[in-house]
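# Coordinate inspection notes
The chain contents come next:
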Amino acid sequence: MGKQSYRVCFCFRRWFHVGVSEPPEAIESLFNQYSENGIMTVDHLHRFLVEVQKERNPKKEDVQAIIDSMDDQLNLKHPHSSDQRKGLNLEAFFKYLLSEKNSPLCPSRGVHQDMKAPLSHYFIYTGHNSYLTGNQLNSKCSAGPIKDALKRGLRGIELDLWPSSKKKDGVEVCHGGTLTAPVDLTTCLETIKNYAFDASEYPVVITFEDHLPPHLQGEVAALLTRIFDKEILLPDDSECLKEFPSPESLKGKIIISTKPPEDKAKDKENELPKSTSCHVNFPPFMKMFNHTRKKVCGQKAKHQEYPRPSASSSADEAEWGEEVPNLKGIVKTTNGSTNDKDYSDEEGSTNADGDSEKTQQNVVQAPKYRHLISMHAGKPKGGLKEWLKVEVDRVRRLSLSELQLERAVTKKYGQDIVRFTQSNVLRVYPKGLRIDSSNYNPLIAWSHGAQMVAFNMQGYGRPLWLMHGMFRANGGCGYVKKPEFLLEKTGLYRDLFDSEVNLPVKTTLKVTLYSGEGWDKEFHHTYFDACSPPDFYAKVGIAGVPGDTSSMTDQTEPIKDSWVPAWNKEFKFQLTVPELALLRIEIHERDDILQKDDFGGQTCLPVSELRQGIRAVPLHDRKGNEYKNVKLLMSFELI
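Here the residue numbering is sequential within each chain, running from 1 through the sequence in written order. Local features in this predicted model are restricted to residues of pLDDT 70 or higher, and side-chain atom pairs are both shown and tallied only at a pLDDT of 80 or more, whereas totals for entire chains, interfaces and linings draw on every residue. Think of the side-chain values as coming from all heavy atoms in the structure, minus any hydrogens and water.

### Some details on the side chain of Arg-396
Its place among the elements puts Arg-396 in the loop between helix 11 (384-387) and strand 12 (397-401). Those residues in contact with Arg-396, other than ones at most four positions away along the chain, are Phe-244, His-376, Gly-378, Pro-380, Glu-386, Trp-387, Leu-388, Lys-389, Glu-391, Phe-420, Asn-424 and Val-425. Secondary structure follows DSSP: runs of H or I at least 4 residues long count as helices, runs of E at least 2 residues long count as strands, and numbering of each begins at the N terminus. Contact definition: two residues touch when any of their heavy atoms are within 4.5 Å.

### Points about the nonpolar core
To qualify as a nonpolar core, a set must consist of buried Ala, Val, Leu, Ile, Met, Phe, Trp, Tyr and Cys residues joined through side-chain atoms within 4.5 Å. The buried label goes to any residue with under 20% of its type's maximum accessible area, the exposed label to any with over 50%, and the partly exposed label to all in between, with areas taken from a 1.4 Å probe on protein chains only. Membership of the largest hydrophobic core comes to 78 residues, with the highest contact counts inside it found for Leu-159 and Ile-192. Of all the elements, helix 7 (residues 214-228) adds the most residues to this core, at seven residues. In this structure, Ile-192 is in contact with Ile-146, Leu-150, Ile-157, Leu-159, Ile-206, Phe-228 and Ile-254, ignoring residues within four places of it in sequence. One finds Leu-513, Trp-567, Tyr-627 and Val-630 within the second-largest nonpolar core, a separate group that totals 32 residues.

### As for the pattern of salt bridges
Counted as salt bridges are all cases of a side-chain nitrogen of Lys or Arg within 4 Å of a carboxyl oxygen of Asp or Glu. All told, the structure shown has 22 salt bridges when counted by the stated rule. In this structure, Arg-434 and Glu-402 form a salt bridge, with 2.5 Å as the shortest nitrogen-oxygen distance. Note that Arg-434 is positioned in the loop between strand 13 (425-429) and helix 14 (443-446) and Glu-402 in helix 12 (residues 402-410), a separation of 32 residues in sequence. The pair Arg-434 / Glu-402 is uniform in exposure class, with both members buried.

### Here's the deal with unusual backbone geometry
Of note in the backbone geometry, Asn-57 takes a positive phi value of approximately 50 degrees without being a glycine. As for its position among the elements, Asn-57 is in the loop between helix 2 (42-51) and helix 3 (60-69).

### Here's the deal with the packing of aromatic side chains
Stacked, tilted and edge-to-face are the three classes assigned to paired rings of Phe, Tyr and Trp, where Trp is represented by its six-membered ring and a pair needs centres within 6.5 Å; plane angles under 30 degrees give stacked, over 60 edge-to-face, the rest tilted. As enumerated under the stated definition, the model contains twelve aromatic pairs in all. Between the aromatic rings of Tyr-122 and Tyr-479, the centroid separation amounts to 6.3 Å while the plane-to-plane angle is 80 degrees, which identifies the pairing as edge-to-face. With Tyr-122 in strand 5 (residues 122-127) and Tyr-479 in strand 15 (residues 479-481), this pair connects stretches of sequence that are 357 residues apart. Each member of the pair Tyr-122 and Tyr-479 is classed as buried.

### Observations regarding the pairing of strand 10 (residues 254-258)
When you tally the buried positions in strand 10, you get five out of five residues, the bulk of the element. Burial of the side chains of strand 10 extends over both faces: Ile-254, Ile-256 and Thr-258 are buried on one face and Ile-255 and Ser-257 on the other. Strand pairing is assigned whenever DSSP detects at least two bridges linking the two strands. Judged from the four bridges that link them, strand 9 (residues 204-210) and strand 10 form a sheet pairing that is parallel. The residue bridging Thr-207 from the neighbouring strand is Ser-257, located in strand 10. Relative to strand 11 (residues 373-376), strand 10 is paired through three bridges, and the arrangement is parallel. Pairing of Ile-256 across the sheet is with Ile-373, part of strand 11.

### Examining the packing of helix 6 (residues 185-195) against helix 7
To define axes, lines are fitted to C-alpha atoms, for helices over the stretch in contact only, and angles between the resulting N-to-C directions are given on a 0 to 180 degree scale. Where helix 6 meets helix 7, the axes come as close as 10 Å, and the angle between the chain directions of the two elements is 30 degrees. On the basis of their axis angle, the class for helix 6 and helix 7 is roughly parallel. The element helix 6 and its partner helix 7 pack so that their crossing is right-handed. Residue-level contacts link Leu-185, Thr-186, Leu-189, Glu-190, Ile-192 and Lys-193 of helix 6 to Val-220, Leu-223, Leu-224, Arg-226, Ile-227 and Phe-228 of helix 7. In the scheme used here, Gly and all other residues not listed as nonpolar or charged are polar, with Ala, Val, Leu, Ile, Met, Phe, Trp, Tyr, Cys and Pro taken as nonpolar and Asp, Glu, Lys and Arg as charged. For the contact of helix 6 with helix 7, the per-class residue count stands at eight nonpolar, one polar and three charged. Should an angle fall under 35 degrees it is taken as roughly parallel, and over 145 as roughly antiparallel, whereas 65 to 115 is taken as roughly perpendicular and any remaining angle as oblique. Throughout, a crossing is termed right-handed when the near helix is turned clockwise from the far one, and left-handed when it is turned anticlockwise from it by less than a right angle.

### Side note on the packing of helix 1 (residues 25-33) against helix 4 (residues 90-97)
At their nearest, the axes of helix 1 and helix 4 sit 11 Å apart, and the two run at 115 degrees to each other. When the axes of helix 1 and helix 4 are compared, the crossing they make is right-handed. Taking contact as the criterion, the partners of Ile-27, Glu-28 and Phe-31 in helix 1 are, on helix 4, Leu-90, Phe-93, Phe-94 and Leu-97.

### Things to note about the state of the cysteines
Only a pair of cysteine sulfur atoms within 2.5 Å qualifies as a disulfide here. Applying the stated criterion to the full structure yields zero disulfides. You can see Cys-141 has no disulfide; the closest cysteine sulfur is in Cys-174, sitting 5.7 Å from it. Taking relative accessible area as the criterion, Cys-141 reaches 8% and is therefore assigned buried. Take Cys-188: it sits in no disulfide, and the sulfur closest to it among the cysteines is that of Cys-141, at 8.1 Å. In this structure Cys-188 comes out as buried when scored by relative accessible area, which is 0%.

### A short note on helix 5 (residues 144-152)
Of all the residues in helix 5, the buried ones are Pro-145, Ile-146, Ala-149 and Leu-150. Burial along helix 5 is one-sided: seen end-on, the buried residues are contained in an arc of 135 degrees. Directions from the helix axis toward the C-beta atoms define the arc.

### With respect to the confidence of the model for the protein
Counting all residues, the mean pLDDT for the protein is 82, and 76% of those residues have values of 70 or more. The low-confidence segment residues 349-365, where pLDDT is below 50, has 40 contacts with residues more than four positions distant or belonging to other chains. Confidence scores labelled pLDDT are given residue by residue by the predictor and lie between 0 and 100.

Okay, structure coming up:
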């Protein structure tokens, strides 16, 4: 046991013993129950795995492999066995419980859900403005965030296409109407080509927000064909798909999704010259910047720094991101009379004849570009009722902002959304005022069957941690099968957001948080507090449908001056829709002097895939990257 010193003032230092992680009393009791003479043999461990860990029919050779793998962790031989079989002492058993082999999600299951249903039957890991490195106003555009997203397992990448400000017939990617520095489209597409299937073999959907004249759409078609070749999913002769193919049948495929250009010229005398500037609908906060950028698609303005707005003035939200709101609060406070039009609308509506407002002026065909679009997008004219209309002979993608979705739910369109998403694809994206690249509560979209819940992956905060948690399911392949009740014509979804209906409790999740370790290996000893070791405490809660969501007020007491806190705290959560429930865990470090909590780690886990028993739960940093050493010892039981 070592010592650490902390400076109290210029003249004095305080010394603290560095504690060693020790088995909690409950773990020691279990070891005594499943061992003999201080040794846990293969038979003992097998019984422990079946009775405590709830594992089904573990093979004896696999149990022996666990013991063999702990040879360097003080394994002992059974003193009374004729064949001198190996076993685990208490310390080795405790280290096994905290090892990667004992994770809360089964690593050996991999992709285990049915992947042969239509694409519309799955939640799809999706990014928003996937090329941005920071805020939505003046950060740089780069292929780096696209690479990072694909390596994390994202299957939905968004690119905003604009005429290049440098090359006559070039195309660049940037956030239009802002001071973001653009990146060349070729660089983005080649990055997708190189990393699309590193983390998952299932299809990648590239959504274009297209601001190009027809001749540049032809250039994009040539680029796509050259870079991806046969990897691109091509629609059949009918162009519009009648049903989306399955992820299984689309392994290794690239799906292009955008609003297709018109087949025929509608008005030749209104043809735009190729050098014309593109029209942009600026949100209100951008009008003050109009003078800094003379042309959106012409000469590029000099890049200017602009301070990143704070998501919240509170110290807690600055450290952790804004708290995820309960869906009941969203539904009750959203003003249903507000206009459906959102300033961040990414898809223009179409007129009564089916021609988009943007393409009414297009006078040349882009047949090659159109032929590459297999997932058609667009909004029919007429508002929500028309947008959500299900067509018999074609499927499509619809995009709604988070505000438009909330208003749709408020206006009692919830059942229409669920019906639409049973065969079509709904993409939800952040409202335009999220200039700091913050995110929203994804549960309202998932609970209504929205497949592509687009998030700003370059940010951090609680909503993003929920996104990470959802897609840890199904082997982290980027596709998670929707619950069956969202795929049925009638069912539970009718009552999900009805505050007057009390759904029956399906199961109760009992969580016990024993202890934590690893912070002293991850951080300098003065990282949390310059005067003493940290005071860690934990918050545990559920994010899910309104009836299941719990506030993060359930917490442990702070353990003073300890790098190896032992809380031994039990939590219980009654769940009506466990299929959509996410277990949230946050570790805070109490700072009484500054009156705010320091960040000690977080994780979010899909309840439907939790392994019961005592598990080692790895923690992640603000951006969702797993720490090398920091983990919690917890137990999970479904009652």
